[in-house]
Amino acid sequence: MADPYHNNIYHQGDGDSYGTYGQGGQDDAASDATEGHDEEDQMYEGEYQGIPHPDEVKAARRAARAKARTVADAVSEQEELAEQYEDIMEDCGHGKFQWTLFVVLGLALMADSVECFVVALVLPSAEKDMCLSHAEKGMLGLIVFLGMMFGAFIWGGLADKVGRRKCLIIVLAMNCISAFFSSFAQGYGFFLFFRLFSGIGIGGSVPIVYSYFSEFLQMNKRGEHLSWLCMFWMMGGIYASFTAWGIIPRYGWGFSMGTEFQFHSWRVFVLVCALPAITAFVGLIFMPESPRFLLENAKHDEAWMILKQVHDTNWRAKGEPERVFTVTHIKIPKTQEDEFIEIQTATGTAFQRWVVRTLTLTKLVMKNVLSLFGRDLRLATLLMAIIWFTMAFSFYGLSVWFPDMIKHLQHEEYESKLKVFHREKVEQFHFNFSLENQVHKEGEYINDKFIDIEMKSVKFEDSLFVDCFFENIRSTETIFENCTIRSTVFYDTDLYEEKFIDCTFENVTFLHNKKGCHLDYEEENDVLVYLVSFLGSLAVLPGNIISALFMDKIGRIKIIGGSMLISAGCTFFLFLSFSQAAIIAWQCLFCGVSVAAWNGIQVITVELYPASKRATAFGVLNAICKLAAILGSSIFASFVGITKVIPILLSFVALVGGGVLALKLPETREKVLL
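As the structure is a computational prediction, the values presented were derived from the model and not from experiment.

Basis of the calculations
Residue numbers restart at each chain and count upward from 1, following the sequence in its written direction. Per-residue local features are limited, in this predicted model, to residues with pLDDT of at least 70; the limit for side-chain atom pairs, both in listing and counting, is 80 or more; totals at the level of whole chains, interfaces and linings are taken over all residues. Side-chain measures here rest on the full set of heavy atoms in the structure, leaving out hydrogens and waters. A run of H or I in DSSP becomes a helix once it reaches four residues, and a run of E becomes a strand once it reaches two; helices and strands are each numbered from the N terminus. Only protein chains enter the accessibility calculation, which uses a 1.4 Å probe; a residue whose area is less than 20% of its type maximum is buried, one above 50% is exposed, and one in between is partly exposed. Residues are treated as being in contact if the distance between any of their heavy atoms lies within 4.5 Å. In these tables, accessible area is a Shrake-Rupley quantity obtained with a 1.4 Å probe, and a residue counts as shielded only by the protein chains included in the view. Helix span is expected to be 1.5 Å times the residue number reduced by one. Should DSSP find at least two bridges between two strands, the strands are regarded as paired. All axes here are fitted lines through C-alpha atoms, helices being fitted over the stretch that makes contact, and every angle between N-to-C directions spans 0 to 180 degrees. Think of it as three bins: nonpolar holds Ala, Val, Leu, Ile, Met, Phe, Trp, Tyr, Cys and Pro, charged holds Asp, Glu, Lys and Arg, and polar takes everything else, Gly as well. Each Phe, Tyr or Trp ring (for Trp, its six-membered ring) is paired with any other whose centre lies within 6.5 Å, and the angle between the two planes then decides the class: stacked below 30 degrees, edge-to-face above 60, tilted in between. We count a charge as sitting over a ring when the NZ of a lysine or the CZ of an arginine lies within 6 Å of the ring centre and within 35 degrees of the ring normal. For this document, the term salt bridge refers to a Lys or Arg side-chain nitrogen within 4 Å of an Asp or Glu carboxyl oxygen. As a per-residue measure, pLDDT tells how confident the predictor is, with possible values from 0 to 100. Any residue with relative accessible area above 30% and no salt bridge may belong to a patch, with like charges joined within 9 Å and the nonpolar Val, Leu, Ile, Met, Phe, Trp and Tyr side chains within 5 Å.

J.: Could you clarify how one ought to interpret the overall build of the protein in this entry?
T.: Secondary structure summary: the protein contains 23 helices and 16 strands in total. The buried share among the 674 residues of the protein stands at 51%. Contacts in the protein between residues far apart in sequence, at least 24 positions, make up 68% of those at least 6 positions apart. Just so you have it, the protein exposes about 30500 Å², and 61% of that area is on carbon and sulfur atoms.

J.: Honestly, the environment of Asp 129 in this entry has me stumped. Any pointers?
T.: Examined against the element boundaries, Asp 129 turns out to sit in helix 4 (residues 96–129). Residue classification places Asp 129 among the buried residues on the basis of a relative accessible area of 12%. The sequence separation of Asp 129 and Gly 187 amounts to 58 residues, and the corresponding C-alpha distance is 9.5 Å.

J.: When you look at helix 7 (residues 188–202) in this model, what are you seeing that I'm missing?
T.: An α-helical turn contains 3.6 residues, so a residue and the one three or four places further along point in the same direction. An ideal rise of 1.5 Å per residue puts 21 Å on 15 residues; helix 7 measures up with 21 Å between its terminal C-alpha atoms. All of the buried residues along helix 7 are Tyr 188, Phe 191, Leu 192, Phe 194, Arg 195, Ser 198, Gly 199, Gly 201 and Ile 202. As for helix 7, its buried residues are in contact with helix 4, helix 5 (134–159), helix 6 (164–184), helix 8 (205–214) and helix 10 (265–272).

J.: Which parts of the structure should I look at to understand the pairing of strand 13 (residues 489–493)?
T.: Each regular strand carries side chains that alternate between the two faces of the sheet. Two elements, strand 10 (residues 469–476) and strand 13, share four bridges in a ladder whose sense is parallel. Looking at strand 13, one finds that Ile 473 is bridged to Thr 493. Of the strand pairs in this sheet, strand 13 and strand 16 (residues 509–511) are connected by three bridges, and their pairing is parallel. Bridge pairing in strand 16 places Phe 490 opposite Phe 510.

J.: Would you explain the pairing of strand 10 in this entry?
T.: Relative to strand 10, strand 8 (residues 449–461) runs parallel, the two sharing seven bridges. Across the sheet, Glu 454 pairs through a bridge with Arg 474, a residue of strand 10.

J.: It is not clear to me how the packing of helix 21 (residues 580–608) against helix 22 (residues 614–638) should be interpreted in this structure. Could you clarify?
T.: When two helices pack together, their arrangement is captured by the angle between the axes and the distance separating the axes. Two elements in contact, helix 21 and helix 22, have axes separated by 9 Å at closest approach and are oriented at 145°. Packed against helix 21, whose contacting residues are Trp 598, Gln 602, Thr 605 and Val 606, the element helix 22 presents Arg 614, Phe 618, Leu 621 and Cys 625 at the interface. Here the residues of the contact of helix 21 with helix 22 sort into five nonpolar, two polar and one charged.

J.: I tried to follow the sheet that holds strand 15 (residues 504–506) on my own but got confused; where do I start?
T.: The strands that make up a sheet pair up through hydrogen bonds in the backbone, lying either parallel or antiparallel. If you walk across this open sheet you meet the five strands as 4-7-9-12-15, and the pairing is parallel. The strands lining the two open edges of the sheet, one partner per strand, are strand 4 (425–427) and strand 15. Averaged over all neighbouring strand pairs, the angle between strand axes comes to 5°, with direction disregarded. Bridge analysis of strand 7 (residues 444–446) against strand 9 (residues 464–466) gives three bridges, and the strand direction is parallel. Residue Ile 446 lies in a different strand from strand 9, and its bridge partner there is Val 466.

J.: How should I be thinking about the packing of aromatic side chains in this particular structure?
T.: Centre distance and the angle of the planes are the two values used to describe a pair of aromatic rings. For the coordinates displayed, the defined rule picks out 48 aromatic pairs. Cation over ring: Arg 292 sits above Tyr 85, and NZ or CZ is 5.4 Å from the ring centre. The ring of Trp 315 has Lys 318 lying over it, and the distance from NZ or CZ to the ring centre is 4.6 Å.

J.: Even after reading the chapter, I still don't get the pattern of salt bridges, so can you show me in this structure?
T.: Oppositely charged side chains can form a pair if their charged atoms are brought close together. For the structure on display, the rule yields 17 salt bridges. In this structure, Glu 607 and Arg 556 form a salt bridge, with 2.6 Å as the shortest nitrogen-oxygen distance. Here Arg 556 lies in helix 20 (residues 556–572) and Glu 607 lies in helix 21, a separation of 51 residues in the sequence. Residue classification places Glu 607 among the buried positions, given a relative accessible area of 7%. In the salt-bridge network here, residues are joined through shared partners; they are Asp 160, Arg 164, Glu 215 and Arg 614.

J.: It is not clear to me how unusual backbone geometry should be interpreted in this structure. Could you clarify?
T.: What is expected of a backbone is that most residues other than glycine have negative phi and most peptide bonds are trans. One non-glycine residue, Ala 298, lies in the positive phi region at around 60°. Topologically, Ala 298 is positioned in the loop between helix 12 (291–296) and helix 13 (300–317).

J.: Would you take a moment to explain the confidence of the model for the protein for this structure?
T.: As a general rule, the predicted coordinates of low-pLDDT regions are not to be interpreted in detail. Mean pLDDT over the protein stands at 81; residues scoring 70 or higher make up 82%. The least confident element of the protein, judged by mean pLDDT, is helix 1 (residues 26–34) at 38; the most confident is helix 11 (residues 275–285) at 94. Across residues 1–50, confidence stays below pLDDT 50; counting only partners more than four residues off in sequence or on other chains, it has 72 contacts. Note that residues 519–525 has pLDDT below 50 and, in this model, 22 contacts with residues that lie over four places away or in other chains.

J.: Could you clarify how one ought to interpret a nonpolar patch on the surface in this entry?
T.: Taken together, the side chains of Phe 572, Leu 627, Leu 631, Ile 635, Val 645, Ile 646, Leu 649 and Leu 650 make up a nonpolar region of the molecular surface, amounting to roughly 570 Å² of accessible area. Broken down by element, the residue count for the nonpolar patch peaks at four residues, all from helix 23 (residues 645–662). By the element assignment, Phe 572 lies in helix 20.

Structural data, given as structure tokens:
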């Protein structure tokens, strides 16, 4: 029987079957490194102060891991590969290569964040531009999360079988293409489709980004640098709100072709939101595939070349180009799955091979998903699913509830200033000023002119209009109820049939009605919408910094559990929020605390699962997260203006439950990636 590991043994010392560095070339490497140098010149600078040399620290860590292996009864092949890979990454160091990849993957994560914000920021303008009903607005707000839910599941699974880099390039391309077409889509149906397509694409970025980056990090750097990577999600929110603030109110930043094609400033904003994805797409072209993924898929030579590139790039940037990459062979498994795909796709036509490979790939992905609920991973998957769900349910639910409550308070304040006119009689008067927040009951308007004005939140009830003339009227939330209208002309107005409820018409003429919908700039572009989004994103900065600095010091479990419990405590203070300023303040506090829990959850998700299942597990859990976001935002929004007790209690119970369960998870900060 053939050796399943192809006899690619990675040697490091006597009797160590998984060993590290090839014996051949090691003496040559040492002579090259020391040529022209005396031993005294090579003395470590910190030796005088008793500071151990970095190489000594590495050796000590390896010795500790070796001792742990000897104590264990048996070491699995997976653990052997994980140990040797960790040794290689330690010798490659952490430097220029990781920081370059950090920026590229950060931009991809930033694109995911922008996608979560873009619809909420353009919706006030888009609903007028495309004549959206309340149901259509609700669907547009949820469709992105629905797409991201499917995208996380699909692309997470594919990333473990096709490759992290390849899948990430595809999802970023999908996001860029969808953003372009959705910005030009004039109809609701097309706009909805392209936002769904965009969500399916960019939804896969989060599982891939964290899996991809973690496989270039050594154990003692992993928690901190994955947490720093989370800051790009914050930057995406800041970027989206800041650009929306700067672009959408600029009404001249657009063009039109008659009345059928309108390209307003909010569409420019949709295009600009694609810039992080475009930049990440370009940068990713120059990045290599994850060597850990290649090793899992029996591609030894490709993995070796990439690891050598990482090693040489880092040490050259540190001013030590003489360091030689001494690895010769790495133990790699060749799975039956790979052989199966190769056999099945070796014959037949190109289309038949494509069909067979697609079906086989689908089966392998589903098999990988089901393996997450196997005996070894069942408990961890169940706990992580509950923690992801409870955190997302509370976070996204309150993220919708906060701005909706602010709008509700604004609406209450606006209604308190309502002016009511009862039985007024106006004859031969020229209305050349706007009417706003008014109710006119049982009025009589005889031979009056309403020309070049706006009507905002105006209601005419049981009123009489005789010989009146309406021209160039723009209206918002304006209705005529149970009115009698005689010998009146409506010319170039947007007063459509649905705005006249139970009205009687006698000799009434409608000429050149405005077509389509129009933007009510003053209402839709209230800067408070952008300010709330901006402050909510900026508020997570302290939590990001604290979690990054302490992730490897106090551990993932304490970060997650503590942050979720503190966030639960913050929700109770919402009972004391009776003003817009108070709600904004508590929103900032909640976001600032909860982000630490998010960082810990994402780090531990990467570390709990082996490389062959890492992106799949992250994708499944992230899909559960998006499902919770859909449920949370829908449920919490339904209670706005009714009661705040239920949303607060729901979020409190969810956060406490998730925080307590998080304490049951195993700590992973001192474990190599399997």
